[in-house]
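Examining the three-dimensional arrangement
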Amino acid sequence: VSSDNGVYVGVWGSKVDFGADDNTNYEIDAYFGYSDESARGVSFDTGFISYNYPGGEDLDFEEIFVGLGYKWVDLTLSFGLDNAPNNSEWSVDLGDSGFGLTYGDYDEYGKYTLLSYNFTQTVAGLSIGIALSDFDSEGGSDEDGFVITFSR
């Protein structure tokens, strides 16, 4: 939920499988923040995210983030709380094509790349996006995935 003054709040969820012998099957995140953009295309975003893994509470963590962008390029820095990792993320939208590329680095955990496409049409008021994801862990594991996103 967002407002005309830049304030937003929301919940995000996903099915997860870490391959461990725990009961962690879902990720449910809660977030809030403030964002704005100038007439010249300079934007900023700042907020808080709580990452929650029911059944794997020892995995839960929070972070504060700040982002700065210009037109189609964004840089976001996330600062992990309570010994959670910091993250730096660059993203580029390829004009108004709907295509985007994101590269991120979670300190001491690994690097990730996301190639995405956001459809211009909506279905029942929902925006739809698809993405290919690649995560390379510093521990040597590699996770690739296909993501479908519905948002409102």
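Right above here is the structure, for reference.
Right, let's walk through the structure included here. Given the structure is predicted, the values throughout are model-derived calculations rather than measurements.

1. Digging into the overall build of the protein
The number of helices and strands found in the protein is 0 helices and 10 strands. In terms of overall dimensions, the protein has C-alpha extents of about 50 × 30 × 30 Å along its principal axes. Across the 152 residues of the protein, 26% fall into the buried class. In the protein, of all internal contacts separated by at least 6 residues, the share reaching a separation of at least 24 is 24%. For the protein, the accessible area works out to roughly 10300 Å², and carbon and sulfur atoms hold 57% of it. Treating the 5 positive side-chain charges of the protein as one cloud and the 28 negative ones as another, the clouds have centres 13 Å apart.

2. Focus on the sheet that holds strand S1 (residues 7-15)
Strands sit in the order S1-S2-S3-S4-S5-S6-S7-S8-S9-S10 across an open sheet of 10 strands; the sheet is antiparallel. Here the strands that pair on one side only, and so sit at the sheet edges, are S1 and strand S10 (142-151). Pairwise comparison of adjacent strand axes, ignoring direction, gives a mean angle of 20° for this sheet.

3. Remarks on a negative patch on the surface
Side chains of Asp 17, Asp 136, Asp 142, Glu 143 and Asp 144 sit close together on the surface and give a patch of like negative charge. Residue contributions to the negative patch peak at 3 residues, all from S10. Within the secondary structure, Glu 143 sits in strand S10.

Basis of the calculations
- Residues numbered from 1 in each chain as written.
- Predicted model: local features only at pLDDT ≥ 70, side-chain atom pairs only at ≥ 80, totals over all residues.
- Heavy atoms only, no water.
- Helix = DSSP H or I, 4+ residues; strand = E, 2+ residues; numbered from the N terminus.
- Buried < 20%, exposed > 50% of the residue type's maximum accessible area, 1.4 Å probe, protein only.
- Contact = heavy atoms within 4.5 Å.
- Areas by Shrake-Rupley, 256 points an atom, 1.4 Å probe, with all protein chains shown as cover.
- Lys, Arg positive; Asp, Glu negative; His and termini not counted.
- Charge placed at Lys NZ, Arg CZ, Asp CG, Glu CD.
- Pairing = 2+ DSSP bridges.
- Axes fitted to C-alpha atoms, helices over the stretch in contact; angles between N-to-C directions.
- Patch = residues over 30% accessible without salt bridge, like charges linked within 9 Å, V, L, I, M, F, W, Y side chains within 5 Å.
- Salt bridge = Lys/Arg side-chain N within 4 Å of Asp/Glu carboxyl O.

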